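Remarks on the overall topology
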Amino acid sequence: MAAQGFLAQGLVYLSAAVIAVPVFKRLGLGSVLGYLCAGAAIGPWGLALVQDPQAILHFAEFGVVLLLFLVGLELNAQRLWQLRVPILGLGSAQVVITIATVSLLAIVLGVDWRLGMVAGMGFAMSSTAIALQTLAEKNLLGTAGGQAGFSVLLFQDIAVIPLMLVLGLLSAGDQAGSMNWERVATAAGLILAIILVGRYLLRHVLRYVASTGLREIFIAFSLLLVIGTALLMESVGLSMGLGTFLAGVILGESEYRHELELDIEPFKGLLLGLFFIAVGMSVDMGLFATSVLTVLGLALGIVCLKIMLLIALALLFRLHGPDGWLLSLTLSQVGEFAFVLFGVAVSEQVISKSQGDVLNAAVAVSMITTPLLMLFYEHVLSPGLNRKHERAADTIEDRHPVIVAGFGRVGQVVTRLLMGKGFKVTIIEIDPNQVERARRFGWKAYYGDASRLDLLESAGAAHARLIVLAIDEAEQSLHTARIIRRHFPNVQLLVRAQNRTDASEFVEMDVPFVRATFGGALALAERALVTMGVSAYSAKRAAKQFQRHDEALLRALAPQRHDQKEMISRSTQARQDLEQLLQTERKVGDKGK
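Below or above, wherever it landed, is the structure these notes cover. Source: prediction; values computed, not measured.

As a further point, take the packing of helix α15 (residues 292–316) against helix α16 (residues 322–330). Across the interface, α15 lies against α16 with an axial gap of 8 Å and an inter-helix angle of 145°. For the pair α15 and α16, the sense of crossing is right-handed. Across from Ile307, Leu310, Ile311 and Ala314 in α15, the residues of α16 making contact are Gly324, Trp325, Leu327, Ser328 and Leu329. When the residues that make up the contact of α15 with α16 are grouped by side-chain class, the tally is seven nonpolar, two polar and no charged.

Below, the structure is given as structure tokens:
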């Protein structure tokens, strides 16, 4: 019967997720809000299909643990050291200032100072699960604002022990405080042990497990590593996610990093979804009948307060425009650790159970605001701020015979070769970060959009002999090529084509191009033929034949690229012709032997 009950609950959770999340994603509201609403629908205050959300919430917290382990794998010790200023500076400032501000407001409003301090400690925390999932889903984790947000979240996990120590002092005086200092020493020793074991022992154990050749055993060990580390950290009162994050950082440079990512990722996704569902179920809707203004006012008030404090801190730490707003909106909610803090405060009788219930309800409501705020950021704030803070193009002082637009990997190779042969090159790049990076390495690169006619004119395009477009974005490259063809018809133009579709467009425009991956793919195919026993000469000859055939086919099919039926028919015939051509070549080569 117990097994049937477990399976029935699993069916309820999966059904709720499968129904709600795709709908919310299609509406552009994001998966997190879908999970939260699904939880509210099936919870005790909805359809009552699940009666004990706290039990599943504790289990589903492992989704956050797995998420932090994967984030740790993406970093390494050097990258973590580079983030020390935002972690220790911005992170500590956010936690301390939030606690102080909430405590001061409580005293001003006549609320007991201990309740104000407990509320401040909980409200200072942000949801690691919601913030990181939102940033990853929207591909914003790598931005300056995303990295700052991650740094603050990491410090919040580090701040767990000091906050628990303060709770102990508030509840039981000096004796409890001295016991907690003992726990601090134990926690520090455990962190040191995790670092040492991870650096000097784990790789050898992973190598031994991998040598069995059994993928399921490697997956089992991966989960054992994460869950074991999490439970060890919890046993000394530390955040489970902090321990697994450290383990991830240590293993981030190992040869098993990618295999660990592949093994953990599916479990992380499922458990994170379950965590959000559990949070949605834990919202006590009964309080909305009796204390709706208190809960909503508290939730919205703390969200607004955190946004204002974070915006001020972002400016202090030189995060301007979209990055500052991204940081403040992503971390504006109250985190899952607040549930733990308020629970301990109630059990230690620092605050009453009714006060704890109101605080917990406000936490859950604040979590629901984040997906909505991120929609506002994406569709209203970000476009306007990007326009407002758009950097003006650099004034181009040089007039060189060659202009290279796009200074990524391809543009760098082209520039180096041209300059190596003595040709002067003007470099234009639209990514300001890439421009600064190039300048640090001694390149004279100009920031600007090469599709702008005034920029091309200031770069001397009218008198240049050659313009090379090594731009990553296909549409931008096509647009720029059309402008150059129209306004500077006498200049030679060479373009990097991303794929066959782009190449067909350039054929129509009569613009010389080089396909970005074709040369590498052809070299790989030639090496594959040699590996299979074909002589080096025959392999090279076959590759040349294939190149000539493919280029002729590309030019022949360019006018029909919008007629899919004709494209398929002619491509099939061309493939058969190629096989016959290469077979004939092979027979001729065999006779020559």
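When two helices pack together, their arrangement is given by the angle between their axes and by how far apart the axes lie. Their axes nearest at 10 Å, the elements helix α11 (residues 215–235) and helix α13 (residues 257–282) cross at an angle of 75°. When the interaxial angle is binned, α11 and α13 end up roughly perpendicular. For the pair α11 and α13, contact is made by Arg215, Phe218, Ile219, Ser222, Leu223 and Val226 and by Glu259, Leu260, Leu262, Asp263, Ile264 and Phe267, respectively. Of the residues contributing to the contact of α11 with α13, the split by class is eight nonpolar, one polar and three charged.

What follows covers the packing of aromatic side chains. One pair of aromatic rings is described through two measures. These are the centre distance and the angle between the planes. Within the structure shown, the criterion is met by one aromatic pair. For the ring pair Phe123 and Phe342, a centre distance of 6.1 Å and an interplane angle of 85° mean the geometry is edge-to-face. Of this pair, Phe123 sits in helix α7 (residues 113–123) while Phe342 sits in helix α17 (residues 337–347), and the two are 219 residues apart along the sequence. Just as Phe123 is buried, Phe342 falls in that class too.

Here we come to helix α2 (residues 31–42). Under the 1.5 Å per step criterion, the end-to-end length of α2 is 17 Å for twelve residues, consistent within 8% with the ideal 16 Å. Counting buried positions over the twelve residues of α2 gives nine, a clear majority of the element. The set of residues buried in α2 consists of Ser31, Val32, Leu33, Gly34, Tyr35, Leu36, Ala38, Gly39 and Ile42.

Residues Phe69, Phe123 and Phe276 are the most contacted members of the largest nonpolar core, which totals 105 residues. No other element matches α13, which puts eleven residues into this core. Setting aside residues up to four positions removed in sequence, Phe123 forms contacts with Thr98, Val102, Leu298, Ile302, Lys306, Val334, Phe342, Leu359 and Val363. Ranked by size, the runner-up nonpolar core spans 21 residues in total, among them Tyr446, Leu456, Phe488 and Leu493.

Reading guide: rules and limits
Residues numbered from 1 in each chain as written. Predicted model: local features only at pLDDT ≥ 70, side-chain atom pairs only at ≥ 80, totals over all residues. Heavy atoms only, no water. Axes fitted to C-alpha atoms, helices over the stretch in contact; angles between N-to-C directions. Helix = DSSP H or I, 4+ residues; strand = E, 2+ residues; numbered from the N terminus. Left-handed = near helix turned anticlockwise from the far one by under 90°. Contact = heavy atoms within 4.5 Å. Nonpolar A, V, L, I, M, F, W, Y, C, P; charged D, E, K, R; others polar. Parallel < 35°, antiparallel > 145°, perpendicular 65-115°, else oblique. Phe/Tyr/Trp six-rings, centres within 6.5 Å; stacked < 30°, edge-to-face > 60°. Buried < 20%, exposed > 50% of the residue type's maximum accessible area, 1.4 Å probe, protein only. Expected span 1.5 Å × (residues − 1). Core = buried A, V, L, I, M, F, W, Y, C linked by side-chain atoms within 4.5 Å.

The values are spatial; any link to function lies outside them.
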